[in-house]
Amino acid sequence: MPRLSDGLAIAAACIFIFLAAYRIELPGLYYDELAFVNAAQGAPDNTFIYMRLGPVPLLVFPFIGALKAWIYTPIFGLFGVSALTIRLPVILIAAVTLLIFYLAMRRNLGPTWAAIAIWIMAVDPANLFLSRLDWGPTVLMHLFQAAILALWFSYRDKPQLWKPVLIFICFGLGFFDKFNFIWLVSAFAIGICLCYPDSLKNLWVSLPRFARWIAVILVLIAVGATLYLVLPLLLHFHHPTIRARTTGLQVKWDALVNTLSGFWVARRIFGDAAGVIRFTSTCLIAVDGFLALACLFFPMLDAEARENRKNGFFCLLIGLLIFLQIIITPQAGGPHHYSMIFPLPLLAFAFLARSLYTQFATENLRRLAAVLLGSAAVFVFAVNVHNTTVYLSHFRTNSHYSPHWSPEIYSLSDYISEHGFEAKSIICVDWGLHNQLHALAPMELRRRMRDCWPIFKELDKKNEEKQTATLHYFFPVGKSLVVTFVSTETFPETQRNFFASLATHPELESRLAKEFWFGGEKIYELYEVVRRPDHR
């Protein structure tokens, strides 16, 4: 059975890779998905470079480190930049994460239960497609999450000092990858204090006095550094693309349910999530609550059952604390934030169900429990397969994508790469275009590319003299290419200010050079803007 279950877990990881990599070029590459690419190529310019350590990119955003960029540096160096080289590595990392979750559950649940849980996770659209696109980013976050849980459960089984050390390292790497990993770190710390005080006490007693002082100093340094980095972002950071979410609890709850069911991501990509079943994530969390109550009132005489009950409460508590932190963080609210709670509801279900199953004394009761729990697992698995099929059917038959995810980005990139050298500059007026064109363009052409949506967004607030100076800076004498969406809901003022500036500055002559269509819909427009020498 252990060998068969191990084989099933590996098969689940392979199925995950196959499903996540199906027509891997779809949807089109997304702006945030490629925020790391410039840093991964050595950061020849300052596109998404917030901080450097000498020539080495350190932060690509005020709260996102360059860890993913460092991982991709040899990949892009060997194979270049494409949809395949961008998406396949994170899919493979996510598959490894599944196997780490399997190892985390295998000892406590048994290989069969662990394999069933991994198969459910492998076909979960909330896992498949957020990992495939990784615009959060979320893949490394889940990798470190899985490693931390696996190390902690292993430490509970066999206490060894190197395991907490590796957990501390995973905390640091996860936080460097993205600062909101602090949600998981704080939830984990509170969880082990409440659920495993005996392990903390034993760990403290087992340390020599010198090691205790070192541990205290390191924790204080980590807490101080975290507060130093995070508090200014919470209090003062207001990036124009990140709007504070001050919505109510019901809206936050709906966002969590929509993320865990895959509904939210489908709606963002395709503009329509018809066919995606949403209620299973709510049902799973509700069942977790009932199982938790049953475990509280059911006498646990078996040590294994008590340990699994404790693990189940631990997973529930971590998920709850992460959700509460998302609620109180004004800048949080996207699906890549709520995905941190995945797969904690499923883990809690598996541990609590196993605890009750172990405690049933008679064969008849165990058979009944096996039928009920097995039916629940089959139901969740079937719904996940259905929702994943809905996603994949879009890739096979649907020609409609939200403009920011349109596959027509590849045709636009090819045209820019072919004709861009004829222009002095290539300007993206709207948010959501520059990163893809910049990443897919030849290295020599990237120096001419400008992401000007922040400039055009605020252009109407400047006086005429500053407007003219700004336009002359970004439109040098000669021909420039300007790319826009046909319509944009993100920052509609960028297009409005761009066309207004053309109307009020006669030295800038423009014409619509090309339109880009996909599935019968016009997605992009490309303009030629010429500034004559006599208007310097």
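Anything mentioned here points back to the structure above.
This one's a predicted model, so the numbers in the text were calculated from it and none came from an experiment. Here the residue index of a chain counts from 1 through its sequence in written order. Only residues with pLDDT of at least 70 are given local features in this predicted model, and only at 80 or more are side-chain atom pairs given and counted; all residues enter the totals for whole chains, interfaces and linings. To obtain the side-chain values, all non-hydrogen atoms of the structure were included, while hydrogens and water were left out.

Undergrad: Any chance you could explain the overall build of the protein here in plain terms?
TA: Of the regular secondary structure elements, the protein holds 24 helices and 8 strands. The C-alpha radius of gyration of the protein comes to 26 Å, within 12% of the 24 Å expected for a compact globule of 536 residues. Dimensions of the protein, computed from the C-alpha atoms along their principal axes, are close to 90 × 55 × 45 Å. In the protein, which comprises 536 residues, the proportion classed as buried is 54%. When checking whether two residues touch, look at their non-hydrogen atoms; a contact exists if any pair is within 4.5 Å. Residue pairs in contact within the protein that sit at least 24 positions apart in sequence constitute 76% of those at least 6 positions apart. As displayed, the protein has an accessible area near 23800 Å², and 67% of this comes from carbon and sulfur atoms. In summary, the charge assignment counts Lys and Arg as positive and Asp and Glu as negative, without counting His or the chain termini. By convention, the point assigned to a charge is CZ for Arg, NZ for Lys, CD for Glu and CG for Asp. Each charge class in the protein was averaged separately, 45 positive and 37 negative side chains, and the resulting centres sit 9 Å apart. Strands are runs of DSSP state E lasting at least two residues, helices are runs of H or I lasting at least four, and both sets are numbered from the N terminus onward. Only C-alpha atoms enter the radius of gyration; for comparison, a globular chain is expected to reach 2.2 Å times N to the power 0.38, where N is the number of residues. The buried label goes to any residue with under 20% of its type's maximum accessible area, the exposed label to any with over 50%, and the partly exposed label to all in between, with areas taken from a 1.4 Å probe on protein chains only. Calculation of accessible area relied on Shrake-Rupley with a 1.4 Å probe; when residues are assessed, cover is drawn exclusively from the protein chains displayed.

Undergrad: Mind showing me how you'd approach the packing of aromatic side chains here?
TA: Two aromatic rings, taken as a pair, are described by how far apart their centres are and by the angle between their planes. Paired rings are identified among Phe, Tyr and Trp, the last through its six-membered ring, by centres lying within 6.5 Å, and are further divided according to the angle between planes into stacked (under 30 degrees), edge-to-face (over 60) and tilted (the rest). According to the stated counting rule, one finds 41 aromatic pairs in the structure shown. Residues Phe153 and Phe314 carry aromatic rings whose centres are separated by 6.4 Å and whose planes lie at 75° to one another, so their mutual orientation is edge-to-face. Placement of the pair is Phe153 in helix 7 (residues 139–157) and Phe314 in helix 15 (residues 303–328), with a sequence separation of 161 residues. For the pair Phe153 and Phe314, a shared accessibility class is recorded, and that class is buried.

Undergrad: I tried to follow the packing of helix 1 (residues 2–20) against helix 4 (residues 83–109) on my own but got confused; where do I start?
TA: Each pair of packed helices can be described by the angle between their axes along with the distance between the axes. Axes, fitted as lines to C-alpha atoms, cover a helix only where it is in contact. Angles between the N-to-C directions of the axes lie from 0 to 180 degrees. Two elements in contact, helix 1 and helix 4, have axes whose closest approach is 9 Å; the angle formed by their N-to-C orientations is 155°. It follows from the interaxial angle that helix 1 and helix 4 lie roughly antiparallel. Helix 4 is crossed by helix 1, and the crossing has right-handed handedness. Every residue of helix 4 that contacts helix 1 at Pro2, Ser5, Asp6, Ala9, Ile10, Ala13, Phe16, Ile17 and Ala20 is listed here: Ile91, Leu92, Ala94, Ala95, Leu98, Leu99, Tyr102 and Arg106. Three residue categories are used. Nonpolar comprises Ala, Val, Leu, Ile, Met, Phe, Trp, Tyr, Cys and Pro, charged comprises Asp, Glu, Lys and Arg, and polar comprises the others, including Gly. When its residues are assigned to classes, the contact of helix 1 with helix 4 shows 14 nonpolar, 1 polar and 2 charged. When describing relative orientation, an angle under 35 degrees is termed roughly parallel and one over 145 degrees roughly antiparallel, while 65 to 115 degrees is termed roughly perpendicular and anything else oblique. When the near helix sits turned anticlockwise from the far one by under a right angle, the crossing is termed left-handed; a clockwise turn instead gives a right-handed crossing.

Undergrad: Is there a simple way to think about the sheet that holds strand 8 (residues 521–531) in this case?
TA: Sheets are built from strands paired through backbone hydrogen bonds, the pairs being either parallel or antiparallel. Strands are labelled as partners when DSSP assigns at least two bridges between them. The strand order across the open sheet formed by 5 strands is 5-4-6-8-7, and the pairing between neighbours is mixed. The open sheet has two free edges, formed respectively by strand 5 (449–451) and strand 7 (508–518), since each of these has just one partner strand. Each strand axis lies, on average, 20° off the axis of its neighbour in the sheet, ignoring direction. Here 4 bridges tie strand 4 (residues 425–428) to strand 6 (residues 478–485), and the two strands are oriented parallel to one another. In the strand pairing of strand 6, Cys428 is matched with Val483.

Undergrad: Explain helix 23 (residues 464–474) to me, please; I cannot follow it from the model alone.
TA: Each α-helix turn comprises 3.6 residues. Residues three or four places apart therefore point the same way. The complete set of buried residues in helix 23 reads Gln467, Thr470, Leu471, His472 and Phe474. N-cap assignment for helix 23: the residue whose side-chain oxygen lies 3.2 Å from the backbone N of Glu465 is Asn463. Any N or O atom pair separated by 3.5 Å or less is treated as a polar contact, with the protein-specific requirement of one donor-capable and one acceptor-capable atom, and with residues adjacent in sequence counted only for side-chain atom pairs.

Undergrad: Teacher, can you tell me more about the packing of helix 4 against helix 6 (residues 125–133) here?
TA: Orientation of helix 4 relative to helix 6, taken along the N-to-C sense of each, is 140°, at an axis distance of 7 Å. Considering the angle they form, helix 4 stands oblique to helix 6. Along this stretch, helix 4 crosses helix 6, giving a crossing that reads as right-handed. Residue-level inspection shows Arg87, Val90, Ile91, Ala94 and Leu98 of helix 4 in contact with helix 6, the latter providing Asn127, Ser131, Arg132 and Leu133.

Undergrad: Before we go on, may I ask you to explain the side chain of Thr85 in this structure?
TA: Relative to the helices and strands, Thr85 is located in helix 4. A relative accessible area of 9% means that Thr85 is categorised as buried. Here Gly80 takes part through its backbone oxygen, which lies 2.9 Å from a polar atom of the side chain of Thr85. Of note is the side chain of Thr85, whose polar atom sits 2.9 Å from the backbone nitrogen of Ser82. With sequence-adjacent residues up to four places away left out, Thr85 is seen in contact with Tyr72, Ile75, Phe76, Phe79 and Gly80.

Undergrad: How do you make sense of the pattern of salt bridges when you look at a structure like this?
TA: Two side chains of opposite charge can pair, provided their charged atoms sit close to one another. Whenever Lys or Arg places a side-chain nitrogen within 4 Å of a carboxyl oxygen from Asp or Glu, that contact is recorded as a salt bridge. Here the structure, examined in full by the defined rule, presents 17 salt bridges. Between Glu25 and Arg23 there is a salt bridge, and its shortest N-O distance comes to 3.7 Å. Note on Arg23: relative accessible area 36%, which makes it partly exposed. Across the pair Asp134 and Lys68 runs a salt bridge, and its minimum N-O distance is 2.6 Å.

Undergrad: Looking at this structure, I do not really get the environment of Thr259. What am I missing?
TA: Tracing the backbone shows Thr259 in helix 12 (residues 249–261). You can call Thr259 buried: its relative accessible area is 1%. Once residues within four sequence positions are removed from consideration, Thr259 is found in contact with Ala126, Leu130, Trp264, Pro335, Tyr338 and Ser339.

Undergrad: Any chance you could explain the sheet that holds strand 3 (residues 64–65) here in plain terms?
TA: The strand order across the open sheet formed by 3 strands is 1-2-3, and the pairing between neighbours is antiparallel. If you trace the sheet from one side to the other, it starts and ends with strand 1 (51–53) and strand 3, each paired once. Two elements, strand 1 and strand 2 (residues 56–61), share 3 bridges in a ladder whose sense is antiparallel. Counted as the bridge partner of Leu53 is Val56 from strand 2.

Undergrad: What should I look at first to understand the environment of Glu33 in this one?
TA: You can see Glu33 is positioned in the loop between helix 1 and helix 2 (37–40). Under the relative-accessibility criterion, Glu33 is labelled buried at 2%. For the pair Glu33 and Leu365, spaced 332 residues apart in sequence, the C-alpha to C-alpha distance is 50 Å. Not counting chain neighbours up to four residues away, the residues in contact with Glu33 comprise Gly28, Lys68, Ile86, Arg87, Arg132, Leu133 and Trp135. For Glu33, the side chain forms a polar contact with the main-chain nitrogen of Tyr30, separated by 3.1 Å.

Undergrad: Can you help me understand the pairing of strand 8 in this one?
TA: Along a regular strand, successive side chains alternate from one face of the sheet to the other. With respect to burial, strand 8 is a largely interior element, 9 of its 11 residues being buried. Where strand 6 lies against strand 8, 8 bridges are found, and the strand directions are antiparallel. Directly across from Phe485, in strand 8, lies its bridge partner Tyr524. Inspection of the sheet shows strand 7 paired to strand 8 by 10 bridges, in the antiparallel sense.

Undergrad: How should I be thinking about unusual backbone geometry in this particular structure?
TA: Excluding glycine, residues mostly carry a negative phi; peptide bonds, for their part, are mostly trans. A cis amide bond links Gly136 with the next residue in sequence, Pro137, at an omega value of -10°. With an omega of -5°, the peptide bond between Phe342 and Pro343 qualifies as cis. With respect to the helices, strands and loops of the structure, Pro343 is situated in the loop between helix 16 (335–338) and helix 17 (344–359). In this structure, Ala43 is a non-glycine residue whose phi angle is positive, near 55°. Since its relative accessible area comes to 4%, Ala43 is described here as buried. A positive phi angle is found at Phe48, which is not glycine, with a value near 50°.

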